[in-house]
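Coordinate inspection notes
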Amino acid sequence: MVAPIENIGIQTAKYCNVASLGVLIFDYFLTLEPEIRWTWNRRWNVARILFVISRYMAFVAAVMTSYAVLATRANENCSPFSRASNAIHIISIVAAEGLLIIRTYAFWKQSKKLLAVLLVLAAICIVCGVGLTDFVGGLLAVPVNPSASPTSNCTFQAGRSSAIQYGFLAAYEILLLSLMVFKRYKDYRNSSSRLVRVVFQGGVWYLTPIISVSVANTLITILVPQSYNEMLDLPQLVLHSMLASRVLFSLRESDQDELDWATLQMSTFRPAQQDQRPTSFD
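Residues numbered from 1 in each chain as written. Predicted model: local features only at pLDDT ≥ 70, side-chain atom pairs only at ≥ 80, totals over all residues. Heavy atoms only, no water.

Along the protein chain, the regular secondary structure elements total 8 helices and 0 strands. The linear arrangement of helices and strands in the protein chain, starting from the amino end, is α-α-α-α-α-α-α-α. Sorting the 282 residues of the protein chain into buried and exposed places 45% on the buried side. Of the contacts formed within the protein chain by residues at least 6 apart in sequence, a portion of 81% connects residues at least 24 apart. (Helix = DSSP H or I, 4+ residues; strand = E, 2+ residues; numbered from the N terminus. Buried < 20%, exposed > 50% of the residue type's maximum accessible area, 1.4 Å probe, protein only. Contact = heavy atoms within 4.5 Å.)

The structure is reproduced here in structure tokens:
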């Protein structure tokens, strides 16, 4: 029998996750028109592939999570389903992060060195985050009593070790935001370009809630009763999908003629120089 406090925590986590599916569906119809305008009937490239993965795999993850929340699976082995669901969650969030990397790369005048560093760091964060989470989770797992009757592992909660992967994700997102702020005040301090303003402000406004939910997920997993620690599981993925898509929509809307979708080229981005008027898309 589940203890009352655990029951309340698990039910709260379930409500938050199912509500996130509703938010995702509602937001999809809100943003369907800009998606049609800015992505349909355009050539396939890295940015569009990342967009499709981030936007539509989020629905697969949301449906799987909702099934895990609502289905009655007593005395079943849910490990294979949970691993598949976690993999889809990770792929969707990685795709959303890829869109944010593209924007940062563009804001840095398409610096190949920066792009290489960001990709290497992303790979390190993924491998270390997932690997350490599994390793520490194994260390913290309660040994199974062979003489005890078999129990279901379908309880909707995660181990404390999940905080590790959320921490890596939050750290990487803070890095992206820091790079945007640094470049803005180093090279574009005096720029009057509308596109520079849109890219920077959009990056700050969208990255701030993404970072906040990643940090919140980390703290919840560590500090609150374990039954609550899946409370922001699906909300985090939904927020990544929604905001990463909006980054690209706002960029294309800001200057549809001069912004190339494939690389988000910003050829008029130039460091502000003394006695030289900064260029602009205006």
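Read on for the rest.
Turning our attention to the packing of helix H4 (residues 79-107) against helix H6 (residues 162-187). Helix packing for two helices is described by the angle between their axes and how far apart those axes are. Where H4 meets H6, the closest approach of the two axes is 10 Å, and the angle between their N-to-C directions is 15°. When the interaxial angle is binned, H4 and H6 end up roughly parallel. Handedness of the crossing formed by H4 with H6: left-handed. Facing H4, whose interface residues are Ile93, Glu97, Leu100, Ile101, Arg103, Thr104 and Phe107, H6 presents Leu169, Tyr172, Glu173, Leu176, Leu179, Met180, Lys183 and Arg184. (Axes fitted to C-alpha atoms, helices over the stretch in contact; angles between N-to-C directions. Parallel < 35°, antiparallel > 145°, perpendicular 65-115°, else oblique. Left-handed = near helix turned anticlockwise from the far one by under 90°.)

Our focus in this paragraph is the packing of aromatic side chains. For the structure shown, the criterion picks out 10 aromatic pairs. Note on Tyr185 and Phe200: the rings are 6.0 Å apart at their centroids and 90° apart in plane angle, and the pair reads as edge-to-face. Of this pair, Tyr185 sits in helix H6 while Phe200 sits in helix H7 (residues 194-223), placing them 15 residues apart in sequence. Taken together, the ring pairs in this structure connect Tyr28, Phe29, Tyr56 and Phe59 into an aromatic cluster. Sitting above the plane of the Tyr185 ring, Arg184 keeps its charged end 5.8 Å from the centroid. (Phe/Tyr/Trp six-rings, centres within 6.5 Å; stacked < 30°, edge-to-face > 60°. Lys NZ or Arg CZ within 6 Å of the ring centre and 35° of its normal.)

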